[in-house]
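Structural characterization, general
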Amino acid sequence: MHGTMGLRGLLCVCLASLLALQAMPAQGSPTRSPKGGKKRPALDTAVDGVVIRSLKVNCKVTSRFAHCVITSQVVNNADEAKEVAFDVEIPRTAFISDFAITAGENAFLGDIKDKVTAWKQYRKAAISGENAGLVRASGRTMEQFAIQVTIGPRSKATFRLTYEEVLKRKLMQYDIVIKVKPKQLVQHFEIDVDIFEPRGISKLDAQASFLRKELAAQLIKKSFSGKEGHVLFRPTVGQQQSCPTCSTTLLNGDFKVTYDVNRDKACDLLVADNHFAHFFAPQNLTNLNKNVVFVIDISSSMEGQKVKQTKEALLKILGDLRPGDYFDLVLFGSAVQSWRGSLVQASAANLDAARNFVRHFSLAGSTNLNGGLLQGIEILNKAHGSLPELSNHASILIMLTDGEPTEGVTDRAQILKNVRDAIRGKFPLYNLGFGHDVDLKFLEVMSLENNGRVQRIYEDHDATQQLQGFYEQVANPLLRDVELQYPGDAVSALTQHHHKQYYEGSEIIVAGRIADHKLSSFKADVQAYGEGQEFKTTCLVDEEEMKKLLRERGHMLENHVERLWAYLTIQELLAKRMKLEGAEKANVSAKALKMSLAYQFVTPLTSMTIRGMADQDGLEPLIDKPLDAASLLSAVHSCPSAFVLLASQPSPTRPSSEVQQLPNQVTGVDTDPHFLIHVPQKEDTLCFNINEEPGVVLSLVQDPDTGFSVNGQLIGNEARSPGKHEGTYFGRLGIANPATDFQLEVTPQNITLNPGSGGPIFSWRDQASLRQNEVVVTINRKRNLVVSVEDGGTFEVVLHRVWKGSAIRQDFLGFYVLDSHRMSARTHGLLGQFFHPFDYKVFDLHPGSDPTKTDATMVVKKRRLTVTRGLQKDYSKDPRHGAEVTCWFIHNNGDGLIDGVHTDYIVPDIF
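Overview of the structure.

What counts, and where the lines are drawn
Residues numbered from 1 in each chain as written. Predicted model: local features only at pLDDT ≥ 70, side-chain atom pairs only at ≥ 80, totals over all residues. Heavy atoms only, no water. Disulfide = S-S within 2.5 Å. Helix = DSSP H or I, 4+ residues; strand = E, 2+ residues; numbered from the N terminus. Buried < 20%, exposed > 50% of the residue type's maximum accessible area, 1.4 Å probe, protein only. Contact = heavy atoms within 4.5 Å. Pairing = 2+ DSSP bridges. Axes fitted to C-alpha atoms, helices over the stretch in contact; angles between N-to-C directions. Parallel < 35°, antiparallel > 145°, perpendicular 65-115°, else oblique. Nonpolar A, V, L, I, M, F, W, Y, C, P; charged D, E, K, R; others polar. Arc of directions from axis to C-beta. Expected span 1.5 Å × (residues − 1). 1 Å grid on protein atoms, 1.4 Å probe; cavity = no way out; pocket = protein on both sides within 12 Å on 5 of 7 lines; lining within 4 Å. Points joined across faces, edges and corners; volume = space filled by probe spheres on them. Phe/Tyr/Trp six-rings, centres within 6.5 Å; stacked < 30°, edge-to-face > 60°. Lys NZ or Arg CZ within 6 Å of the ring centre and 35° of its normal. Core = buried A, V, L, I, M, F, W, Y, C linked by side-chain atoms within 4.5 Å. Polar contact = N/O pair within 3.5 Å; in protein donor to acceptor, adjacent residues only side chain to side chain. Salt bridge = Lys/Arg side-chain N within 4 Å of Asp/Glu carboxyl O.

Evaluated as defined, the whole model comprises four disulfides. Described in terms of the sequence order of its bonded cysteines, the disulfide pattern of the chain is 1-2, 3-4, 5-6, 7-8.

Attention now moves to the environment of Q455. Looking at the element boundaries, Q455 is found in strand 25 (residues 454-457). Looking at Q455, the relative accessible area reads 21%, which means it is partly exposed. Counting along the chain gives 12 residues from Q455 to L443, while the straight-line C-alpha distance between them is 9.0 Å. What Q455 contacts, discounting residues up to four positions off in sequence, is N431, L432, G433, Q466, F470 and Q473.

Let us look at the pairing of strand 51 (residues 883-890). Bridge analysis of strand 36 (residues 684-689) against strand 51 gives two bridges, and the strand direction is parallel. By the bridge assignment for strand 51, L686 is matched with W888. Across eight bridges, strand 50 (residues 863-874) lies against strand 51 in antiparallel orientation. Paired with G870 across the two strands is C887, which belongs to strand 51.

Here the focus is the sheet that holds strand 31 (residues 533-540). If you trace the four strands from one edge of the open sheet to the other, you get 28-26-30-31, paired in antiparallel fashion. Among the strands making up the open sheet, the edge pair consists of strand 28 (498-503) and strand 31. Taking each pair of neighbouring strands and ignoring which way they run, the sheet shows an average axis angle of 25°.

Our focus in this paragraph is the packing of helix 4 (residues 305-320) against helix 5 (residues 348-360). For any two helices packed against each other, the geometry comes down to the angle between their axes and how far apart the axes lie. Where helix 4 meets helix 5, the axes come as close as 10 Å, and the angle between the chain directions of the two elements is 175°. Classified by the angle between their axes, helix 4 and helix 5 sit roughly antiparallel to one another. Residue-level inspection shows K311, L314, L315, L318 and G319 of helix 4 in contact with helix 5, the latter providing L351, A354, R355, V358, R359 and H360. Classifying every residue of the contact of helix 4 with helix 5 by side-chain character gives six nonpolar, two polar and three charged.

Another aspect to go through is unusual backbone geometry. Located in the positive-phi region is D48, a residue other than glycine, with phi close to 55°. Position of D48 relative to the elements: it lies in the loop between strand 2 (20-24) and strand 3 (50-62). With a phi angle near 55°, D844 is a residue other than glycine that sits in the positive phi range. By the element assignment, D844 lies in strand 48 (residues 840-847). We classify D844 as partly exposed; its relative accessible area is 46%.

If you check which residues of helix 10 (residues 543-553) are buried, you get M546, L549 and R553. Here the buried residues of helix 10 occupy an arc of 60° about the axis, which is enough to place them on one side. Exposed side chains of helix 10 directed beyond 90 degrees from the buried face belong to E544 and R551.

Right, let's get into helix 9 (residues 463-474). Compared with an ideal rise of 1.5 Å per residue, which puts 12 residues at 16 Å, helix 9 spans 18 Å between its outermost C-alpha atoms and is within 8% of the ideal. Among the 12 residues in helix 9, nine count as buried, and that is most of the element. For helix 9, the complete set of buried residues consists of A463, T464, Q466, L467, Q468, F470, Y471, Q473 and V474.

Here we come to empty space enclosed by the protein. One pass over the structure, following the stated rule, counts five cavities of 30 Å³ or more. If you add up the space inside the largest cavity, you get close to 110 Å³. Every residue lining the largest cavity is counted, 14 residues in all, and those nearest its centre are F294, L314, I317, L432 and L467. For the lining of the largest cavity, the elements supplying multiple residues, two or more each, are strand 19 (290-297), helix 4, strand 23 (394-401) and helix 9. By residue number, the principal contributor to the lining of the largest cavity is helix 4, which donates four residues. Taken together, the residues of the lining of the largest cavity sort by class into 13 nonpolar, one polar and no charged. When its volume is computed, the second largest cavity comes out at roughly 50 Å³. Across the lining of the second largest cavity, the residue classes tally to five nonpolar, one polar and four charged.

In this description, a pair of aromatic rings is defined by centroid distance and the angle of the planes. Counted by the stated rule, this structure contains 27 aromatic pairs. What links up through ring pairs into an aromatic cluster is the set F86, F99, F145 and F159. Across from the ring centre of F279, 3.9 Å away, lies the NZ or CZ of R64, which sits over that ring. The ring of Y840 carries K682 above its face, with NZ or CZ at 5.2 Å from the centroid.

Another point: the environment of S342. Its location among the elements puts S342 in the loop between strand 21 (336-338) and strand 22 (344-345). With a relative accessible area of 30%, S342 lands in the partly exposed category. Separated by 33 residues in the primary sequence, S342 and Q375 place their C-alpha atoms 9.9 Å from one another. Those residues in contact with S342 that sit more than four places away from it in its chain are F327, D328, I379 and K382.

When you line up the elements, H674 lands in strand 35 (residues 674-679). Filtering out sequence-adjacent residues up to four positions away, H674 remains in contact with G668, V669, F688, N689 and Q872.

Moving on, we come to the nonpolar core. Judged by nonpolar contacts, the single largest core of 61 residues is most densely connected at F99, F159, L211, F233 and F255. Of all the elements, strand 3 adds the most residues to this core, at six residues. F159 has contacts with I70, T71, S72, V74, V84, F86, F99, A100, I101, I147 and V149, leaving out every residue within four places of it along the chain. L686, V777, F838 and Y905 belong to the second-largest nonpolar core, a separate cluster that totals 55 residues.

Here we take up the side chain of S596. With respect to the helices and strands, the residue S596 is situated in helix 12 (residues 582-598). A polar contact is formed between the side chain of S596 and the side chain of T603, at a distance of 3.1 Å. What S596 contacts, discounting residues up to four positions off in sequence, is I570, F601, T603 and T606.

The next point concerns the pattern of salt bridges. Under the definition given, this model contains 45 salt bridges. Close ionic contact of D439 with R412 constitutes a salt bridge, the shortest N to O distance being 2.9 Å. Taken together, the residues span a long stretch of sequence, with D439 in the loop between strand 24 (429-434) and helix 8 (440-449) and R412 in helix 7 (residues 412-423) at a distance of 27 residues. Where K861 meets D899, a salt bridge forms, and the shortest distance between an N and an O atom there is 2.8 Å. Here K861 is found in the loop between strand 49 (854-860) and strand 50, whereas its partner D899 is found in the loop between helix 14 (891-894) and strand 52 (906-907), with 38 residues between them in sequence. A single salt-bridge network, built from bridges that share partners, covers R64, R169, E197, R199, D260, R263, D268 and E507.

This paragraph deals with the sheet that holds strand 4 (residues 65-76). Read across the sheet, 10 strands follow the order 14-15-12-3-4-10-6-7-32-33 without closing on themselves; strand pairing throughout is mixed. Strand pairing shows two members of the sheet lacking a second neighbour, strand 14 (220-225) and strand 33 (622-624), which therefore form its edges. Adjacent strand axes in the sheet meet at a mean angle of 15° when their direction is disregarded. Contacting strand 3 and strand 12 (186-196), helix 10 crosses the sheet at an angle of about 170° to strand 12.

What follows is the structure, encoded as structure tokens:
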């Protein structure tokens, strides 16, 4: 790679929780003057000759819209090229809008295009053996963005990443969280947050989890006055040190800015350049009494910490109910039971009885999710009909489950319809998915269809606090049936303006376009129902105030209001498309795509490539946002349709522990294709070839008891001589486990999970571990991958790259069986039929037609065969060189050894 830098590989972007920032490696030598006037020697901040000269996070917030830029300059002071990484975490709810790398006089800029075009280019490149990086999810609420580049000796590179989002008010404040993790000392480190709120700032605070209170008070500068607030954190190199004599950094954790705005006026309308934003969060309202039903999964999978933490949270939540609230509890396992079967008032006696019920309920059976939900809905509906005084309360249904429906109605589409028809838009449904075995997308669609939302509760020590934290957000409804109305002839392209309930500490934001010359007639009418009375207010635009704001903030205000509207619109369209199918979904997707491109956001429908920059295989890096961020996790737990990169990946320079622990000899197929059948009870190996045409698909493993299968498609040399048989090799493998909807397509270019449903694509340059339910896939960069099936087998796919001058013109794959003892006795296929013990005898050894080889007679499966002693290679432990294996070769496509004839194993496709 020529020039001052060349892309060595785009690492995957992971999604974590909050906003994180990492840049590595770095060096520097700032000085400081101690008391007494003598200068201490400059502290060397270099790591392996590389310095982070600067690392800055600059966030400008205008009326809840945050525009953040992370900039890092890295210097290579060494006399040789060095690989460096820019590694940051950003909120999962944010959209990347720009990325650039500058090296010397060269600038490499991001280019956002529709995902279909970008992925067509990626797949085209990948099929020819090239590579691109992908974005991945990890953690609870973040995305991790990481890219590695090589910079030349005595040169520097500057990275700049921009992302944007609308801040959401929770529990009476807005949070800006930056995860700080530079991994080494930085010469110039800075976090600068500038806030402009037209209504005025009522409070502002900043904290750093990695600083003691006294040190934080000294180093974090924060101030606010009127409309403006400012936070600055700029530690010197010495202040970054983990101890006075250490060269390591203490910057490792969350930097959190919190603020809120004045609420002295009911109206908060912002208008700029034909767009408006309406912020609705009225104060001094009386809490509505609520009707709340908790629907709790008590299936056996909740055993252990999950049920313990659920009970702890329920007991705390019951203690927070007010005397005017009404409630009930519904439990569902195989059967459905309710505590009372109707709403009861939250009196002291009822609460004591409910606590006793919670403490003593036990787990039972499967997951009748449909039955539990319908029972909870019926309790609320019955109360609305029979107790008129309760119809003015705010009704809420909260369901917690840790699994998928397995009892009663299990068809997801039918469950969605049943719940929709039962609720009929009367109250919100909030779904809490506990752990990693839930179908979160299914729960999310259900919540969205019923005016609620979904939240994952992570299996962790703080699960009780997570449950309580969610409840606190909906514990205090202030208004119900909130309608925000605007003149039909004056506005267009409105975001959501009807909300079932408004909760204390939250905020409703509506944005839209104002038609030309209609500002004078623009207004907002708000109508809702509060405790004992109807709530009404009308908001008008203060044009003089708007002009004043424009003078103060200028183009930034205009730009931010429009982009706030675009951000909200895209987010709502993406949520809406989850509930649709067919033409309706395509139409909504097209609208979201058009806006994503117009405003240059990286969304689930767009991707960013970096022009003029390529890795050693010639492919531009790809910045991509996962389609279903909510389902992607960083932990190694089973989660349906959730594929994750582990936080701690095996080193790319050595095989994983699974590969290191391979048995001495294994059964497999490799090269032309040579089948190796290891027979441990004989301490011997049998081998045979299959001669078939390119394109033929062969069944390698088929377990009829579980449906697990492995099929392989043959490829041939690109330049074949007509009429002459030439070698064929496996160029495409399909591994399927229907019980868990798992499919893996492997080629020498790509590894694709669930290709039929648009699953993620990895390249052989990725280093990753993935898990879906009972299947774990470990990709070892440029070497092999290992597939482990719980209560099944363990298999290895070896990558073979050809070299110049090789007789083989195409890359190909090898396939090996590392462990098969848990496969059923009925397992079949060219390899599978040999997973369980079988017997044979070899005798009458004599010279063969080739005097260098020994022939013999073999009796196997009641047949007498002539076999030849020969050598094959096993590449399971050393994919590059292989190990020689002595074996008895069965001629004529394994005739007599395999059941039937080899053509019996030809199948239509790899799945």
